[in-house]
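What follows is each chain in one-letter form.
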Amino acid sequence: MTQIPNMEQNNDGNLSQVRHVVLVLSGKGGVGKSTITTELALALRHAGKKVGILDVDLCGPSIPRMLNVGRPDVHQCDSGWVPVYTDAQKSLALMSIGFLLEDPDEAVVWRGPKKTAMIAQFVSDVAWGELDVLLVDTPPGTSDEHLAVLENLKKHRVDGAVLVTTPQAVSTGDVRREITFCKKTGVRILGVIENMSGFVCPHCSECSNIFSKGGGEELAKLTGSPFLGSVPLDPLLSTSIEEGKDFIQSFPDSATFSAISSISQTLLNSLQTA
């Protein structure tokens, strides 16, 4: 693993030019949280915003592949680590444990204290510069990593959390516990996103409800949380994620594009009026 610098934490220094910080949470794995994080970031970038993604899913860092950035060397400046930029305009920045592993197949077998220390350095030592929105992609659940993120962001305002679920009751039940976590820790719930809500046929574009539909919206109503919208299972989106292509740019006429764009705009409006 790349050597971790031993730098003094400079309170709000590296986050001082970050306007909004949003956590992306899910109660369980496999609901497409990292996909939603990636697509929200791309949608916000196409809306003219400067966006950063902090990938604190230490055991499953998939966003570097989703954004097709490979495994570049992470450089250091006087302020700390320089994030990896996905475009020449430096409008989308990313930091992930995936950049620090010597072998991409290397397992991160760490106990809680080491994970907590790593997250503390991610929060304090990445020189983000000026950002409109920083999305923090977290692992599933409500454990050490989430508490470490909140603890280290105490000196910087966290605008709130976006919760990702699938329509099935087994998923919404876990996300209900995530909502309880947010309320206990004082994190504002910006909204619930229902992912994998129906399947878009690649031939006729008709959307069929393979699993179920409406579970996320119903959960939002029951808990008094905003519902940001639904994103269907779309083979075009799946292929884009697998190949590291920009779905938002490639398929602007698709229903999935409209859904993601609408969600990102609703989120942006919520942040600007907070």
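As the structure is a prediction and not an experimental result, all values here were calculated from the model.

### With respect to the environment of Cys 207
Then step 1. Summarising the element assignment, Cys 207 is placed in strand 10 (residues 207-208).
Then step 2. By relative accessible area, Cys 207 is classed as partly exposed at 41%.
Then step 3. Distance in space between the C-alpha atoms of Cys 207 and Phe 247 is 18 Å, their sequence separation being 40 residues.
Then step 4. Apart from the residues within four sequence positions on either side, Cys 207 is in contact with Ser 197, Gly 198, Phe 199, Val 200 and Pro 232.

### Quick look at the layout of surface pockets
Sizing a probe to match a water molecule and rolling it over the atoms shows the empty space that remains.
Then step 1. Of the pockets and cavities examined, the largest pocket occupies roughly 250 Å³.
Then step 2. Around the largest pocket sit 16 residues that line it, and Pro 61, Pro 64, Arg 71, Gly 98 and Pro 104 are the ones nearest its centre.
Then step 3. When contributions to the lining of the largest pocket are tallied by element, the ones reaching two or more residues are helix 2 (63-66) and helix 7 (235-243).
Then step 4. Class assignment of the residues belonging to the lining of the largest pocket gives a composition of 7 nonpolar, 4 polar and 5 charged.

### Re helix 3 (residues 112-125)
Then step 1. Its 14 residues place the ends of helix 3 20 Å apart at the C-alpha level, agreeing with the 20 Å of an ideal helix rising 1.5 Å per residue.
Then step 2. The buried fraction of helix 3 amounts to 10 of the 14 residues, a majority that puts the element mostly inside the structure.
Then step 3. Within helix 3 the residues assigned to the buried category are Gly 112, Lys 115, Met 118, Ile 119, Ala 120, Gln 121, Phe 122, Val 123, Ser 124 and Asp 125.

### Concerning the pattern of salt bridges
Then step 1. Within the structure shown, the criterion is met by 10 salt bridges.
Then step 2. Residue Arg 45 pairs with Asp 246 through a salt bridge whose shortest N-O separation is 3.0 Å. You can see Arg 45 sitting in helix 1 (residues 33-46) and its partner Asp 246 sitting in the loop between helix 7 and helix 8 (247-250), a full 201 residues away along the chain. Considered together, Arg 45 and Asp 246 belong to a single accessibility category, that of buried residues.
Then step 3. One salt bridge in this structure joins Lys 115 and Glu 145, with 3.1 Å as the shortest N-O distance. A residue pair is termed long-range when its members are at least 10 positions apart, and Lys 115 in helix 3 and Glu 145 in helix 4 (residues 144-152) qualify at 30 residues. Glu 145 carries the same exposure label as Lys 115, and that label is buried.

### Overview of the environment of Phe 181
Then step 1. Relative to the helices and strands, Phe 181 is located in helix 5 (residues 169-185).
Then step 2. Judged by relative accessible area, Phe 181 falls into the buried class, the value being 10%.
Then step 3. Remark: the alpha-carbon pair of Phe 181 and His 146, spanning 35 residues in sequence, is separated by 9.7 Å.
Then step 4. Filtering out sequence-adjacent residues up to four positions away, Phe 181 remains in contact with Thr 142, His 146, Leu 147 and Leu 150.

### So, the packing of aromatic side chains
The geometry of an aromatic ring pair comes down to the distance between the two centres and the angle between the two planes.
Then step 1. Within the structure shown, the criterion is met by 2 aromatic pairs.
Then step 2. The interplanar angle of 35° and the centroid separation of 5.5 Å between the aromatic rings of Phe 247 and Phe 251 together place this pair among those described as tilted.
Then step 3. Phe 247 sits in the buried class, given a relative accessible area of 0%.
Then step 4. Phe 251 sits in the partly exposed class, given a relative accessible area of 27%.

### With respect to helix 7
Owing to its 3.6 residues per turn, the α-helix brings residues three or four apart onto one side.
Then step 1. Leu 237, Ser 240 and Ile 241 are the residues of helix 7 that are buried. Angular distribution of buried residues about the axis of helix 7 spans 95°; they occupy a single face of the element.
Then step 2. Where the residues of helix 7 are buried, they touch helix 1, helix 2, strand 11 (227-233), helix 8 and helix 9 (255-273).
Then step 3. Capping of helix 7 at its N-terminal end is provided by Asp 234; its side-chain oxygen lies 2.9 Å from the backbone amide nitrogen of Leu 236.
Then step 4. With its phi angle positive at about 70°, Gly 244 sits one or two positions after the end of helix 7.

### A closer look at empty space enclosed by the protein
Then step 1. Across all of its chains, the model carries 2 cavities of 30 Å³ or more by this definition.
Then step 2. In this structure, the largest cavity encloses a volume near 40 Å³.
Then step 3. If you trace the largest cavity, you find it lined by Leu 15, Leu 54, Phe 122, Val 123, Trp 128, Leu 134, Val 136, Val 149 and Leu 153.
Then step 4. Of all the elements in the fold, those that place two or more residues in the lining of the largest cavity are helix 3 and strand 7 (131-137).
Then step 5. Residues that form the lining of the largest cavity fall into these classes: 9 nonpolar, no polar and no charged.
Then step 6. Reported here for the second largest cavity is a volume of approximately 30 Å³.
Then step 7. Considering the residues around the second largest cavity, the lining is formed by Ile 36, Glu 39, Leu 40, Ile 193, Val 231, Ile 260 and Ile 263.
Then step 8. Those elements that provide at least two residues to the lining of the second largest cavity are helix 1 and helix 9.
Then step 9. Top element by residues in the lining of the second largest cavity is helix 1. It accounts for 3 residues.
Then step 10. Along the lines of polarity and charge, the residues of the lining of the second largest cavity split into 6 nonpolar, no polar and 1 charged.

What counts, and where the lines are drawn
Residues numbered from 1 in each chain as written. Predicted model: local features only at pLDDT ≥ 70, side-chain atom pairs only at ≥ 80, totals over all residues. Heavy atoms only, no water. Helix = DSSP H or I, 4+ residues; strand = E, 2+ residues; numbered from the N terminus. Buried < 20%, exposed > 50% of the residue type's maximum accessible area, 1.4 Å probe, protein only. Contact = heavy atoms within 4.5 Å. 1 Å grid on protein atoms, 1.4 Å probe; cavity = no way out; pocket = protein on both sides within 12 Å on 5 of 7 lines; lining within 4 Å. Points joined across faces, edges and corners; volume = space filled by probe spheres on them. Nonpolar A, V, L, I, M, F, W, Y, C, P; charged D, E, K, R; others polar. Expected span 1.5 Å × (residues − 1). Salt bridge = Lys/Arg side-chain N within 4 Å of Asp/Glu carboxyl O. Phe/Tyr/Trp six-rings, centres within 6.5 Å; stacked < 30°, edge-to-face > 60°. Arc of directions from axis to C-beta. Polar contact = N/O pair within 3.5 Å; in protein donor to acceptor, adjacent residues only side chain to side chain.

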